[in-house]
Amino acid sequence: QVQLVESGGGLVQPGGSLRLSCAASGNIFSISSMTWYRQTPGKQRELVASISSGGTTNYANSAKGRFTISRDNAKKTMYLQMNSLKPEDTAVYLCNAVVREVMGTSFNNYWGQGIQVTISS
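Residues numbered from 1 in each chain as written. Predicted model: local features only at pLDDT ≥ 70, side-chain atom pairs only at ≥ 80, totals over all residues. Heavy atoms only, no water.

### Description of the side chain of arginine 71
The condition that has to hold: Secondary structure elements are taken from DSSP: a helix is a run of H or I of four residues or more, a strand is a run of E of two residues or more, and numbering for both begins at the N terminus. Buried means the residue's accessible area, taken with a 1.4 Å probe over protein chains only, is under 20% of the maximum for its type, while exposed means over 50%, and partly exposed covers the values in between. Here the positive residues are Lys and Arg and the negative ones are Asp and Glu; neither His nor the chain ends is included. We count a salt bridge whenever a side-chain nitrogen from Lys or Arg sits within 4 Å of a carboxyl oxygen from Asp or Glu. Think of a polar contact as two N or O atoms within 3.5 Å of one another; within protein, one of them needs to be a possible hydrogen donor and the other a possible acceptor, and neighboring residues in sequence only count if both atoms come from side chains. Contacts are assigned to residue pairs that have any heavy atoms within 4.5 Å of one another.
By secondary structure assignment, the location of arginine 71 is in strand E7 (residues 67-72). No salt bridge is formed by the buried arginine 71; its nearest oppositely charged neighbour, aspartate 72, is found at 8.3 Å. Engagement of the side chain of arginine 71 in a polar contact is seen with the backbone oxygen of isoleucine 51, the distance being 3.3 Å. A distance of 2.7 Å separates polar atoms of two side chains, one belonging to arginine 71 and the other to asparagine 73. Aside from chain neighbours lying at most four places away, what touches arginine 71 is Ile31, Ser32, Ser33, Met34, Ile51, Ser52, Ser53, Thr77, Met78 and Tyr79.

### Details of the packing of aromatic side chains
The test is simple: Aromatic rings from Phe, Tyr and Trp, taking only the six-membered ring of Trp, are treated as a pair when their centres fall within 6.5 Å; an angle between ring planes under 30 degrees marks them as stacked, one over 60 as edge-to-face, and anything in between as tilted. Counting as a charge over the ring demands two things of the Lys NZ or Arg CZ atom: a distance within 6 Å of the ring centre and an angle within 35 degrees of the ring normal.
Following the criterion strictly, the structure yields one aromatic pair and no others. A cation over a ring is seen here: arginine 19 above tyrosine 79, with NZ or CZ 4.1 Å from the ring centre. One residue, arginine 45, lies across the ring of tryptophan 111, its end atom 4.5 Å from the ring centre.

This is the structure in structure tokens:
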């Protein structure tokens, strides 16, 4: 099995910064794409940013210029540096990873439990 654990969330004032981490552990042969999503009550889950195993990144328009996604393949960890935070960034942030557990087998999709980010004065 594979576990994804998010950390780094919390309460920050508008204009502040947070750095989220998502650490993968367990039976992992390789990790393909890793993605940050966010969700607020009554809204669809929204893709925030994604990063391929080779480092190619993709951002939601709302995140461009403010957020930076990165990963450390050796540590099996993904990060999201969030700057210039706004109240509308308030959400539960979830990480997703596409993981191959055994060489030659198919990739499986895994989710973390999510972490709360609240932007408020």
